[in-house]
Amino acid sequence: MPRSSVVVSPAPSRVERVATQRRYLMTPPSHFEISYAINVWMDPSRPVDRSLAHRQWDDLVAVYESLGHTVERADPAPGLPDMVFAANGAVVVGGIAVGARFATPQRAPEAALYREALFAAGIGVVHEPSYVNEGEGDYVVVGDTILAGTGFRTDVRAHAELARLTGREVVSLPLVDPRFYHLDVAVFALDDHNVAYYPGAFDADGRAELRRRFPDAIIADEHDALVLGLNAVSDGRHVVVPDEAEHLMARVHEAGYLPIPIDMSELRKSGGGPKCCTLELRPAPGATELRPAPGATELRPAPGTEPS
Ligand code: ARG
């Protein structure tokens, strides 16, 4: 059992936090390296330990599976070292995928590979987009709403395209700090109604919008953000979070969730964390079949996904 799957007990809290079973698409870091720099975290002169990156990725998969979630694997491709960051490959809501169109030529070939991987995973509708967008890297799904980043990678015109293709409300949030170049390193969904975020990644209008929509949000501090603590993955109860984000984990725990610390330090050299490695495959309503793992007792069908 990986060290990172040890959890503490929940803090006494007014609300019971309920996990729902998730399905994720992930790509092993078989070709992971830093051979170019497309964000301020990446330094090609600094060595990376690919086998350590692989162990950290394996630990993340083991944590998800121990929580009863399903992990589908996409095939890694040589020459595409960032393919491990599956979140950038698409966004999938209601059983419909909107594929990525990468901002940089280094990652451009990943878009078609992810569309194929999504078909292979049984997603029946996979749109090829017209505008540059980096999938869940810049799209954070909170219930029926999609928060959408722009400023470094995703073209703001992609936000309207996403709204049209999915029928969801899409809320544009400009990103202003190059260290937080994707939305998913600045905010994550705790559940369908609440988020945690780092205010310094947003402009004044974005901060006001987040305050208005999420008055009970967990506010991360700069240290939390700089260890990519906001690149966390929640199933509504368990929050898989980079282990150096102590302040954020304490707030998450106080709010009644169970932080599950994980070490993703090697992948962070590329500017990524657990969420970047994880593309959630959100099913069409009524399409899920719950397959809880042995020992996973806290799973419930996601609202609207009960088999009818
Ligand atoms: N090196 C990758 C890039 O700059 C990291 C992507 C991280 N992914 C994410 N979802 N934030 O594109």
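To be clear, the structure that these remarks concern was listed above.
Remember, predicted model here, so these are calculated numbers, not experimental data.

Cut-off values and rules
- Residue positions are given per chain, counting from 1 as you read along its sequence in written order.
- Residues qualify for local features only when their pLDDT is at least 70, as the model is predicted, and side-chain atom pairs are given and counted only at 80 or more; totals for whole chains, interfaces and linings, by contrast, use all residues.
- Working from all heavy atoms in the structure, the side-chain values ignore hydrogens and water.
- Only DSSP runs of H or I with at least four residues qualify as helices, and only runs of E with at least two residues qualify as strands; both kinds are numbered from the N terminus onward.
- Burial status follows relative accessibility: with a 1.4 Å probe on protein chains alone, a residue under 20% of its type maximum counts as buried, one over 50% as exposed, and anything between as partly exposed.
- All accessibility values rest on the Shrake-Rupley procedure with a 1.4 Å probe; residue burial counts only the protein chains present in the view.
- Centres within 6.5 Å make a pair out of two Phe, Tyr or Trp rings, where for Trp the six-membered ring is used; the pair is then stacked when the planes are under 30 degrees apart, edge-to-face when over 60, and tilted otherwise.
- Criterion for a salt bridge: a side-chain nitrogen of Lys or Arg within 4 Å of a carboxyl oxygen of Asp or Glu.
- If DSSP finds at least two bridges between two strands, the strands pair.
- Crossovers are described as right-handed under a simple rule: with the strands pointing away from the observer, the path leading from the first strand over the helix to the second runs clockwise.
- Contacts are assigned to residue pairs that have any heavy atoms within 4.5 Å of one another.
- The convention used is that axes are lines fitted to C-alpha atoms, helices contributing only their stretch in contact, and that angles between N-to-C directions extend from 0 to 180 degrees.
- Proximity is defined per residue: if any heavy atom of the residue lies within 4 Å of a molecule or strand, that residue is considered near it.
- Under this definition, polar contacts are N or O atom pairs within 3.5 Å; protein pairs additionally need one hydrogen-donor-capable and one acceptor-capable atom, and for neighbouring residues in sequence, both atoms have to be side-chain atoms.
- Side-chain classes are defined by residue name, with Ala, Val, Leu, Ile, Met, Phe, Trp, Tyr, Cys and Pro counting as nonpolar, Asp, Glu, Lys and Arg as charged, and the others, Gly among them, as polar.
- What the arc measures is the spread of directions leading from the helix axis to the C-beta atoms.

1. Let's talk about the overall build of the chain
Move 1: Counting secondary structure elements, the chain contains seven helices and 17 strands.
Move 2: Sorting the 308 residues of the chain into buried and exposed places 56% on the buried side.
Move 3: In the form shown here, the chain has an accessible surface area of approximately 12300 Å², with 52% of it arising from carbon and sulfur atoms.

2. A word on the packing of aromatic side chains
Move 1: In this structure the tally under the stated criterion is four aromatic pairs.
Move 2: Relative to F85, the ring of F32 has its centre 6.4 Å away and its plane inclined at 85°; by these criteria the two rings are edge-to-face. Of the two residues, F32 sits in the loop between strand 2 (23-26) and helix 1 (50-66) while F85 sits in the loop between strand 3 (70-73) and strand 4 (90-93), which places them 53 residues apart along the sequence. Taken as a pair, F32 and F85 share a single burial class, namely buried.
Move 3: Ring centres of F180 and Y198 lie 5.5 Å apart, and the angle between their planes is 70°; this geometry places the pair in the edge-to-face category. You can see F180 sitting in the loop between strand 9 (169-174) and strand 10 (187-189) and its partner Y198 sitting in the loop between strand 11 (195-197) and helix 4 (204-213), a full 18 residues away along the chain. Residue F180 shares its accessibility class with Y198, and that shared class is buried.

3. Details of the pattern of salt bridges
Move 1: Scanning the entire structure with this criterion turns up 20 salt bridges.
Move 2: Of the charged contacts in the structure, one is a salt bridge between R213 and E169, with a shortest N-O distance of 2.8 Å. Here R213, found in helix 4, pairs with E169, found in strand 9; they are 44 residues apart in sequence, far enough to count as distant.
Move 3: Here R213 falls in the partly exposed class, since its relative accessible area comes to 26%.
Move 4: In this structure E169 comes out as partly exposed when scored by relative accessible area, which is 39%.
Move 5: R179 is paired through a salt bridge with E222; the nearest N and O atoms lie 3.2 Å apart. Separated by 43 residues along the polypeptide, R179 in the loop between strand 9 and strand 10 and E222 in helix 5 (residues 222-226) bring together distant segments of the chain.
Move 6: Overall, the relative accessible area of 26% leaves R179 in the partly exposed class.

4. Describing the pairing of strand 8 (residues 145-150)
Move 1: Across the six residues that make up strand 8, a large majority, six, are buried.
Move 2: Neither face of strand 8 is left uncovered, since the one carrying T145, L147 and G149 and the one carrying I146, A148 and T150 both have all their residues buried.
Move 3: Strand direction decides the pairing type here: strand 7 (residues 139-142) and strand 8, joined by four bridges, are antiparallel. Bridging across to strand 8, V142 finds its partner in T145.
Move 4: As consecutive antiparallel partners, strand 7 and strand 8 are separated by two residues, and within that stretch G143 has a phi angle of approximately 60°, a positive value.
Move 5: With helix 3 (residues 156-166) bridging strand 8 and its parallel neighbour strand 9, the resulting β-α-β unit is right-handed.

5. Observations regarding the side chain of H159
Move 1: Mapped onto the elements of the fold, H159 is located in helix 3.
Move 2: Leave out the neighbours within four places in its chain, and H159 touches Y139, A148, G149, T150, T154, V170 and S172.

6. Things to note about the sheet that holds strand 3
Move 1: Across the sheet, which stays open at both edges, the three strands sit in the order 3-2-16 with mixed pairing between neighbours. Of all strands in the sheet, those bounded by a partner on one side alone are strand 3 and strand 16 (279-280).
Move 2: Against the sheet, helix 1 engages strand 2 and strand 3, with an angle of about 140° to strand 3.

7. Considering the site of the ligand
Move 1: Around the ligand, a shell composed of 16 residues is seen, among which N39, R107, H182, D184 and C276 lie nearest.
Move 2: N88 places a polar side-chain atom, nitrogen or oxygen, 2.9 Å from a nitrogen atom of the ligand.
Move 3: At 2.8 Å from a nitrogen atom of the ligand is found a side-chain nitrogen or oxygen belonging to H182.
Move 4: When the ligand is considered free in solution it has 350 Å² of accessible area, and contact with the protein chains removes 100% of it.
Move 5: In terms of residue class, the shell around the ligand is built from six nonpolar, six polar and four charged.

8. Examining helix 6 (residues 246-254)
At 3.6 residues per turn, the α-helix brings residues three or four places apart onto the same side.
Move 1: The set of residues buried in helix 6 consists of L248, M249 and V252. The buried residues of helix 6 occupy one face: seen down the axis, they fall within an arc of 100°.
Move 2: Tucked inside the fold, the buried residues of helix 6 contact strand 10, strand 11, strand 12 (218-219), helix 5, strand 14 (238-242) and strand 15 (258-262).
Move 3: Following helix 6 by one or two positions, G256 adopts a phi angle in the positive range, close to 95°.

9. Remarks on the pairing of strand 5 (residues 96-99)
Move 1: In the sheet, strand 4 pairs with strand 5 via four bridges, with the strands oriented antiparallel. The residue bridging V91 from the neighbouring strand is V98, located in strand 5.
Move 2: The loop that links strand 4 with its antiparallel partner strand 5 comprises two residues; one of these, G94, has a positive phi angle of about 55°.
Move 3: In this sheet, strand 6 (residues 125-127) lies alongside strand 5 in parallel orientation, the contact comprising three bridges. Following the sheet pairing, A97 is matched in strand 6 by V126.
Move 4: In this fold, strand 5 hands off to helix 2 (residues 110-120), which returns the chain to strand 6; that crossover is right-handed.

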